[in-house]
Structures are given as C-alpha cells and as structure tokens.
Amino acid sequence: MSEFRDPVPGPEAPRHFIRAKSEPRFPGGPAADPAGSHHERRIRSFQPRRSRVTAGQEDALQRLWPLWGLDIDGHRVLDLEEMFGGLPVVLEIGFGMGEATAQMAADDPGTGILAVDVHTPGQGNLLALAERNGLSNIRVANGDAIILLREMLPPRSLTGMRVYFPDPWPKKRHHKRRLIQPEFLTLAARPLAPGAILHCATDWEPYAEQMLEVLSAHPDFENTQEDGGFAPRPAFRPLTRFEGQGLDKGHKVRDLLFRRVTTRA
Ligand SMILES: C[S@@+](CC[C@H](N)C(=O)[O-])C[C@H]1O[C@@H](n2cnc3c(N)ncnc32)[C@H](O)[C@@H]1O
C-alpha cells in the first residue's frame, strides 16, 4: 500500500496521508478505479497484477497523463474528432507495455490510436514511448474496455479495433473471462463504422478456435478471408511482447481479420 508523506508535518498534521482506494496513485495521473461503483458487477477479462512502476514510468504518468490520458469513468461520451484532430481512430484493447502500439503509431501517423489497458506500468511506458518518439496520435485510456465500449464511444466512431493476445484464461472454469465472446462482439460492433476491421491475434490455439467460431457466427461481422479461416499475419502488426513469449514456447500465432457489416448476404 503506497502512501504520501507530508514533507514537513505540523504538530496537528498526521504523519502520513494514506491514499484512499479511489484516489490516483500518482497525483494528476490515472485514477485507481475510474468507473468506481457506478457500474454493476461485470466479468473481468483482466488479471489483477502487482504493478511496480519505474521512476521513468511514474514521471511519464504524472507529466503526460493530463495531456494524453483518459480515465474510463463511464460518465461521458467521447468526442474522438476533437481528441485526435480529425484523424481516423482505431481502438487497441489490452496494449500491455505498449511497444507494438508505439510502433504502429509511428508507422501510420495518419491514424489515431486510442489504446486502453488497466495496467499502470504499461500506461506509463506507452506515454514515455509516445513522447520520446514524438508520436502525437496516441491517447492512453485507463480502465475496463467494456465500459469504454458500452458507455463512452459514439456509434460508428472507429475505423478499426485491435485485440492482440488477450489473456487466454486457459482453465475451463475461467473461460467465461475471455474477452472475445458473443456479448463482447455485440458491444464492439456499435462503435465500429461499417467496413471497419476487427483484428484479433492469439497464440493460444483453443482460444483461436473460439474466436473464429464466435466471430463467424456473429451477425455484425464477416470474415475477410474467403476460405472462412484465419488470416495471414498483416505486415502492419509488429511482434508484441506476449507474442514473443508465446513463440519462445513454440506456440502457433493466429490472426483473425473480420469486417463490420450492417447486413449479411
Ligand atoms: C496478455 S496481455 C497482452 C498485451 C499485449 N497486447 C501484448 O501482446 O504484449 C493482455 C492485456 O490486456 C489487458 N486487458 C485485459 N482485459 C482488459 C479490459 N477489459 N480492459 C482493458 N485492458 C484489458 C490486460 O491488462 C493485459 O495488459
């Protein structure tokens, strides 16, 4: 539990200020629990992780969060045009430490990336990478992507969505926590413009099969692959950190590219 010390405590002042659960861990930075109790119980697709934040990440969080950070509080609808200066915007869910996100932003400065994760060190890392590489087309969102999709994104406001190596939740009793399932796809479809591509990748074969099955069955998406199968890895997707770990273990990586459709043939 972190705490902020009063540098010069007066006689009446408490020696320590203990941080309340909802207060930001880094003043001016991302909120600890941005949606708070505003939202009903929901299945969490992310793992609780101990987050040790380096000095560089902490510095980036405190300086850059007010400029490029966004807490997912579920209370307002975002104006993406204003946030990204009119660029087309893709949403990346679960960017981890953000190296691949920064690479894609650098490779395609004409596209804005709204990058969401709950992981504080990764948020700091991505902000630092954006600053170091002069990337003005990244915004970092803190919190649950489900609330972002459901409450904060206008209909048809995104030209794409990326979900790279979502937590595989391999145990059967945890399968319900997997992100890619029919209810998620229904939420994901609403902010996607017609023709927008939902791009998923995973190194966990049973999850890849599940993704293919639920995406193929969902009425708002169609496979870009004529044979109805997995897609070749697109050149624009860099190797991600989790992908590298999967490849080291001999896993096969699968990409899925599905198009948002409004009516099916
Ligand atoms: C297995 S990691 C993959 C990270 C990165 N894409 C990569 O390939 O290296 C999955 C990430 O998704 C994030 N995540 C999972 N569910 C999420 C949700 N509902 N909202 C925001 N982030 C989520 C986790 O915090 C984690 O950082």
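Note on numbering: residues in each chain are counted from 1, in written sequence order. Confidence filtering applies because this is a predicted model: local features only for residues at pLDDT of at least 70, side-chain atom pairs given and counted only at 80 or more, and all residues used for totals across whole chains, interfaces and linings. As a rule here, side-chain values cover all heavy atoms of the structure and leave hydrogens and water aside.

Engineer: What is the right way to read the pairing of strand β7 (residues 158-164) from this model?
Structural biologist: Looking along a regular strand, one sees side chains alternate from face to face of the sheet. Relative accessibility decides the category of a residue: with a 1.4 Å probe and only protein chains considered, values under 20% of the type maximum give buried, values over 50% give exposed, and everything between is partly exposed. Elements are defined by DSSP. Helices are runs of H or I of four residues or more, strands are runs of E of two residues or more, and each kind is numbered from the N terminus. Burial of β7 is extensive: six of the seven residues sit out of reach of the surface. When strand β4 (residues 89-93) meets β7, the two strands line up parallel, connected through three bridges. Counterpart to Leu91 in the pairing with β7 is Met161. Sheet topology places β7 next to strand β8 (residues 192-202); six bridges connect them, and they run parallel. Across the sheet, the residue bridging to Val163 is Cys200, located in β8. Handedness of the crossover is the feature at issue here: the chain leaves β7, passes through helix α6 (residues 182-189), returns alongside β8, and the resulting connection is right-handed. Here, a strand pair is defined by DSSP locating no fewer than two bridges between the strands. Whether a crossover is right-handed depends on one test, that the path from the first strand over the helix to the second runs clockwise when the strands point away from the viewer.

Engineer: What's the story with helix α1 (residues 55-68) in this structure? I'm lost.
Structural biologist: An α-helical segment advances 3.6 residues per turn. Residues three or four places apart therefore align on the same side. Between its first and last C-alpha atoms α1 spans 19 Å; for 14 residues at 1.5 Å apiece the expected length is 20 Å, and the two agree. Bending is quantified residue by residue as the angle between axes fitted to the seven-residue window ending at that residue and the seven-residue window starting at it. Of all the bends found along α1, the most pronounced is centred on Gln62 and spans about 40°, while Pro66, a proline, follows it within four residues. Taken as a whole, α1 has its buried residues at Gln57, Ala60, Leu61, Leu64, Trp65 and Trp68. Contacts are assigned to residue pairs that have any heavy atoms within 4.5 Å of one another. Structurally, α1 contributes buried residues whose contacts are with β3 (69-71), α4 (120-132) and β6 (138-142). Multiply 1.5 Å by the residue count of a helix minus one, and that product is the helix's expected span.

Engineer: Would you mind showing me how to read the environment of His119 here?
Structural biologist: By the secondary structure assignment, His119 is in the loop between β5 (112-117) and α4. Residues His119 and Phe95, 24 residues apart in the sequence, show an inter-C-alpha distance of 8.9 Å. The residues contacting His119, other than those within four sequence positions of it, are Arg49, Gly96 and Met97.

Engineer: Would you mind showing me how to read the packing of α1 against α4 here?
Structural biologist: Packed helices, taken two at a time, are described by the angle their axes make and the gap between the axes. The interhelical angle for the contact between α1 and α4, taken along N-to-C directions, is 75°, at an axis separation of 8 Å. Judged by the angle between their axes, α1 and α4 are roughly perpendicular. Contact residues: α1 offers Gln57, Ala60, Leu61, Arg63, Leu64, Trp65 and Trp68, while α4 offers Thr120, Pro121, Gln123, Gly124, Asn125, Leu127, Ala128, Ala130 and Glu131. Its residues placed into classes, the contact of α1 with α4 shows nine nonpolar, five polar and two charged. In this analysis an axis means a line fitted to C-alpha atoms, helices contributing only their contacting stretch, and an angle means the value between N-to-C directions, from 0 to 180 degrees. These descriptions rest on fixed angle ranges, namely under 35 degrees for roughly parallel, over 145 for roughly antiparallel, 65 to 115 for roughly perpendicular, and the rest for oblique. Note that Gly is not counted as nonpolar here; it falls among the polar residues with everything else outside the nonpolar set of Ala, Val, Leu, Ile, Met, Phe, Trp, Tyr, Cys and Pro and the charged set of Asp, Glu, Lys and Arg.

Engineer: How should the UniProt feature "binding site: substrate" (unreviewed entry) in the chain be read in this particular structure?
Structural biologist: UniProt positions are given in the numbering used here, feature names are shortened, and annotations may be inferred rather than shown by experiment. In the UniProt entry, the feature "binding site: substrate" (unreviewed entry) is given for Lys171, Asp203, Thr240, Arg241, Phe242 and Glu243. Along the chain, Lys171 falls in the loop between β7 and α6. Within the fold, Asp203 resides in the loop between β8 and α7 (205-217).

Engineer: In this structure, what is going on with the nonpolar core? I would like to understand it.
Structural biologist: Definition of nonpolar core: a set of buried residues of the types Ala, Val, Leu, Ile, Met, Phe, Trp, Tyr and Cys, connected through side-chain atoms within 4.5 Å. Within the largest apolar cluster, 42 residues are counted, with the highest numbers of intra-cluster contacts made by Leu91, Ile93, Leu114, Met161 and Phe184. Once you skip the residues sitting within four places of it in the chain, Ile93 turns out to touch Val116, Ala145, Leu149, Met161, Arg162, Val163, Tyr164, Leu179 and Phe184. Within the second largest apolar cluster, 25 residues are counted, among which are Phe26, Ala102, Leu129 and Tyr164.

Engineer: What am I meant to see in α7 here?
Structural biologist: Taking 1.5 Å per residue, 13 residues should reach 18 Å; α7 reaches 18 Å between its end C-alpha atoms and fits that length. Regarding α7, the residues found buried are Tyr207, Ala208, Gln210, Met211, Leu212, Val214 and Leu215.

Engineer: How do you make sense of the environment of Leu126 when you look at a structure like this?
Structural biologist: As for its position among the elements, Leu126 is in helix α4. When the C-alpha atoms of Leu126 and Ala102 are compared, they prove to be 6.9 Å apart, with 24 residues separating the residues in sequence. When neighbours within four sequence positions are excluded, Leu126 is seen to be in contact with Phe95, Met97, Gly98, Thr101, Ala102, Ala115, Ile138 and Val140.

Engineer: Looking at this model, I keep getting lost on unusual backbone geometry. Mind explaining?
Structural biologist: Trans is the prevailing form of peptide bonds, just as negative phi is the prevailing case for residues other than glycine. Of note in the backbone geometry, Arg156 takes a positive phi value of approximately 60° without being a glycine. With respect to the secondary-structure elements, Arg156 resides in the loop between α5 (145-152) and β7. Assessed through its relative accessible area of 54%, Arg156 is described here as exposed. Here Trp169, not a glycine, exhibits a phi torsion of approximately 40°, which is positive. Relative to the helices and strands, Trp169 resides in the loop between β7 and α6.

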